[in-house]
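Chain by chain, the residues:
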Amino acid sequence: MKNAVGREIPEEILSLTGKEPFQGNNYKEGVPFQRSAPTVHPVMDNQHSKIVQSIREALEKCNAHDGMTVSFHHHFREGDLIVNMVMNEIHNMGLKNIKLAATSLGKAHEAIVPMIEDGTITSIEASGVRGKIGEAISNGKLQGLAIMRSHGGRVRSVFSGETKVDIAFIGAPTSDEYGNLSGTGGKTNCGVISYSAVDADCADYVVAITDCLVPFPNYPAQISMTNVDYVCVVDAIGIPEKIATGAAKPTTDQRKLMMAEYCTQVVVNTPYFKDGFSYQTGVGGASIASTISLTRIMEERGVKMGFGIGGLTKPMCDLLEKGLVNVLMDTQAFDLDAVTNIENPNHYYITASEYANPFNKGAFVNKLDYVILASLEVDVHFNCNVVVGSDGIITGAQGGHPDTAQGAKCTIVICPLLQGRIPAICTDVTTVTTPGESVDIVVTDYGVAVNPNRPDLLEALQKADCVPLKTIEELRDIAYSITGTPDPVEFEDRVVGIIEARDGTIMDVVRQVKPL
Amino acid sequence: MNPNLKRLRRSMMFLNCQKPGLIKDPYIYAPDSIMLDLEDAVAEREKDAARYSLYHALQEIDYRGVERVVRINGLDTDLWEEDIRCAVAGGCDAIRIPKTETAEDVRRVENAVIAAEKEFGREDGSTLIMAALESAKGVMNAFEVCSASERLFGIALSGGDYTKDLQTTISGTGVELMGARQHMIIAARAAGVQCFDTVYTNLKDMDGFRRDVETIHTMGFDGKSIINPRQIPIVHEIFTPTEKDIIFAEKVVREIDTKKAQGIGVFTVDGKMIDIAFYDGAKRTLALAKASGVYKGDL
């Protein structure tokens with residue numbers, strides 16, 4: 001069956017998953033659902049200790065079993081040691097058929113590939129995967145399906161019980177012996193642990209893993225002891241220098257600077273740019289450069305931002321320090337400046353649900369004026385692909401892309417016309433992750449295209465005459481005139497992964513790649 | 001005469017032919033010219049590969065009006081003649097001669113270019129020449145170099161080698177380059193060709209770069225060799241006439257035309273004394289403004 005972005009969703013996948021094809025952004029608006037509740041193991045005895053001596057002991061006490069679902073957060077990014085630590089122990093116990101429900105998986109977790117191959121892990125749910133894990137999935141090594149969800153979509157899935165977490169492992173930079181957890185104050189700080197909040201609320205067992213035990217009570221706690229069953233102290237939960245993926249130094253790449261300047265011009269010449277506007281940007285070189293050039297114009301014109309959301313980086317925190325934004329709402333810290341900036345009283349911790357969950361009563365993303373995003377591919381329908389490479393291999397993550405793109409009043413996607421010799425602006429993206437209805441403006445190094453659904457934005461930019469305006473088809477044609485029209489990637493029939501829309505419907509499927 | 005002899009050349013950007021990623025679409029940064037380098041930037045053992053990339057780039061890529069100059073290897077090597085065959089076969093717009101010291105150097109290149117144009121069926125005279133002066137001798141001979149060929153559109157200072165020859169170093173103040181710059185611009189103007197300044201290699205010092213460009217702009221240079229697209233906007237900003245300059249130049253041209261018909265030789269425009277001596281300068285400002293895309297008027 002074809003969905004609302006024209007993607008064919010096989011009937012067997014619909015019946016296997018019980019899901020519906022994507023029907024448009026607001027299909028589930030106001031449709032009631034029953035929130036899932038965990039099984040709770042009450043603690044009343046004042047002699048009860050939550051401390052366990054090892055991951056193994058925690059697994060045994062939490063009734064680890066074949067076929068269970070375990071969850072993790074990705075706040076330590078490429079410096080994460082928790083996933084491998086726990087999965088190794090599960091592997092050593094000989095458990096099989098595990099569903100790995102991480103908020104995201106990266107190259108730090110390539111040690112789990114043999115566990116995919118030997119059937120320890122048979123399904124994966126994550127925002128996305130990279131490196132060898134992506135290759136393993138795209139080559140059909142995972143027995144079950146990989147489900148890629150946005151950050152907001154994951155909260156929806158756990159809240160609605162679609163993802164039933166048996167044991168949530170929460171890496172905590174600090175914890176007390178009773179399980180009050182925080183992202184700061186330890187030796188492996190990540191600032192916030194927002195993505196685990198839903199796991200703490202909904203998992204049957206919650207295990208905190210820390211390398212810094214602090215005196216009780218560890219307050220203010222980002223995750224409360226009331227949700228934590230066990231606390232395990234280990235030597236190291238992460239590698240601090242690998243936690244910060246954000247560019248510490250602003251880019252000097254003129255191509256990125258050019259796109260950043262176009263992006264800034266788009267922002268300042270569209271109607272939402274006025275005192276009190278709201279803004280979110282990513283961690284790419286052009287996005288960061290754009291925040292820096294936007295800062296300059298805000299200072300010149302005396303325009304102040306009401307709130308910024310993140311995925312935060314140094315340039316956003318600099319805005320706060322300069323008094324150019326009232327408050328920052330933080331779901332993850334991309335660099336060490338953002339990690340330490342949480343001490344600023346106007347820099348607030350928010351959960352992933354508050355950030356982007358489409359199935360609560362209104363998330364922060366809904367209040368965004370601007371979001372600046374990147375994309376691997378954008379097609380002439382403005383659909384974006386941020387998960388599957390142009391070679392068909394899963395290589396990225398949805399992150400908050402679909403959430404913020406739908407939420408923001410003006411969604412700007414920065415994408416160079418060519419990624420190497422591959423046209424990034426194309427007729428049809430390899431895989432749709434964010435629907436074109438959410439995307440308003442595409443900024444490339446060859447010009448800027450406005451979604452025809454937004455004549456108001458087009459008119460504003462035409463009037464300002466501030467950027468080279470092109471249609472998306474013109475950009476595609478320039479790309480193809482340079483590279484030639486690419487042949488579509490060849491896939492096998494077998495579906496290995498699902499790109500889930502925010503509301504749980506199916507945006508697209510990912511098939512096994514044909515061997516070269 | 002090749003109509004491109006006098007084209008706008010404010011920014012001439014070096015690009016290493018050994019790196020296809022650099023030469024695939026430099027036009028997005030809108031330099032006036034690119035200088036596709038087969039010489040110093042290319043490793044000795046990669047000269048063949050660089051020529052191969054160069055030829056195919058010239059043949060396949062639409063550079064969207066950006067002038068394509070090829071810097072060949074020095075005349076003291078056994079590479080330069082094949083460089084010229086390859087560049088002319090590809091259809092380049094001009095050849096840049098490194099380490100030029102005499103008019104004879106220019107004529108040797110000119111002869112090779114003529115032969116290559118014939119060999120590859122390219123229009124006679126379609127390939128221009130520019131000469132880089134990189135030694136004291138070259139600078140001393142600037143006027144004879146400028147006058148050596150009808151195809152030669154200009155000369156360029158190459159500061160690194162020149163200062164070595166002078167037994168000094170680049171100081172950042174421009175003092176060591178002062179004599180060469182002054183001599184070259186005078187020689188170029190005397191011969192009626194263009195004159196270009198050397199590269200500024202400290203990419204971290206954009207303020208220093210700006211001061212350098214302002215200096216050579218004041219001295220009368222037509223443009224500057226650059227090594228990074230980041231430098232382009234600054235050069236263009238400084239070399240592009242301001243709105244005030246354009247309005248004034250328009251008034252000067254119109255007033256001189258009107259007053260000439262009335263038999264008046266000297267008069268004032270905006271309080272400044274103007275006579276016929278200002279005419280060419282005002283016309284040049286308007287031509288530069290038009291070529292830079294900031295003047296749409298009819299003068």
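About the criteria used
Residues numbered from 1 in each chain as written. Chains lettered and ligands numbered in written order. Predicted model: local features only at pLDDT ≥ 70, side-chain atom pairs only at ≥ 80, totals over all residues. Contact = placed C-beta atoms within 7 Å. Nonpolar A, V, L, I, M, F, W, Y, C, P; charged D, E, K, R; others polar. Helix = DSSP H or I, 4+ residues; strand = E, 2+ residues; numbered from the N terminus. Expected span 1.5 Å × (residues − 1). Buried ≥ 20, exposed ≤ 12 C-beta atoms within 10 Å, placed from the backbone. Arc of directions from axis to C-beta. Axes fitted to C-alpha atoms, helices over the stretch in contact; angles between N-to-C directions. Parallel < 35°, antiparallel > 145°, perpendicular 65-115°, else oblique. Left-handed = near helix turned anticlockwise from the far one by under 90°. Pairing = 2+ DSSP bridges. Domains from an automatic or database assignment.

A. Representation of the interface of chain B and chain A. Contact residues are listed per partner, giving five residues for chain B and four residues for chain A. Its residues assigned to classes, the side of chain B that touches chain A comprises three nonpolar, one polar and one charged.

B. Region of the structure containing helix α16 (residues 472-483) of chain A. All names here are of chain A. Between its terminal C-alpha atoms α16 stretches 17 Å, which fits the 16 Å expected from twelve residues at 1.5 Å a residue. Where α16 is concerned, the buried positions are Ile472, Leu475, Arg476, Ile478 and Ala479. Seen end-on, α16 carries its buried residues on one side only, within an arc spanning 160°. Along α16, the residues that are exposed and aim more than 90 degrees away from the buried face are Glu473 and Ser481. The inward-facing, buried residues of α16 abut β19 (418-419), β20 (422-423), β21 (425-426), β22 (441-444) and β23 (447-450). Backbone geometry just after α16 places Gly484 at a positive phi near 85°.

C. Layout of the packing of helix α9 (residues 254-268) of chain A against helix α10 (residues 285-301) of chain A. All names here are of chain A. Two numbers describe how α9 lies on α10: the axes approach to 8 Å, and their chain directions differ by 50°. Classified by the angle between their axes, α9 and α10 sit oblique to one another. By crossing handedness, the relation of α9 to α10 is classed as right-handed. Where α9 approaches α10, its residues Lys256, Leu257, Met259, Ala260, Glu261, Cys263, Thr264, Val267 and Val268 are matched on the opposing element by Gly285, Ala286, Ala289, Ser290, Ser293, Leu294 and Ile297. Across the contact of α9 with α10, the residue classes break down as ten nonpolar, four polar and two charged.

D. Geometry of the sheet that holds strand β15 (residues 370-374) of chain A. Residue and element names in this part refer to chain A. If you trace the eight strands from one edge of the open sheet to the other, you get β14-β13-β12-β11-β15-β18-β22-β23, paired in mixed fashion. Among the strands making up the open sheet, the edge pair consists of β14 (347-349) and β23. In this sheet, adjacent strand axes meet at a mean angle of 20° when their direction is disregarded. The sheet contact formed by β22 and β23 spans four bridges and is antiparallel.

E. Region of interest: the domain arrangement of chain B. Taken domain by domain, chain B comprises domain 1 (3-239) and domain 2 (243-291). Inter-centroid distance (C-alpha atoms) of domain 1 of chain B to domain 2 of chain B is 33 Å.

F. How the structure looks around the sheet that holds strand β7 (residues 194-197) of chain B. Residue and element names in this part refer to chain B. The sheet built from eight strands closes into a barrel, its strands ordered β1-β2-β3-β4-β5-β6-β7-β8 with parallel pairing. Neighbouring strand axes in the sheet, compared pairwise and without regard to direction, differ in orientation by 25° on average. Across five bridges, the pairing between strand β1 (residues 11-16) and strand β2 (residues 33-37) is parallel. Bridging from a neighbouring strand, Asn16 pairs with Asp37 of β2.

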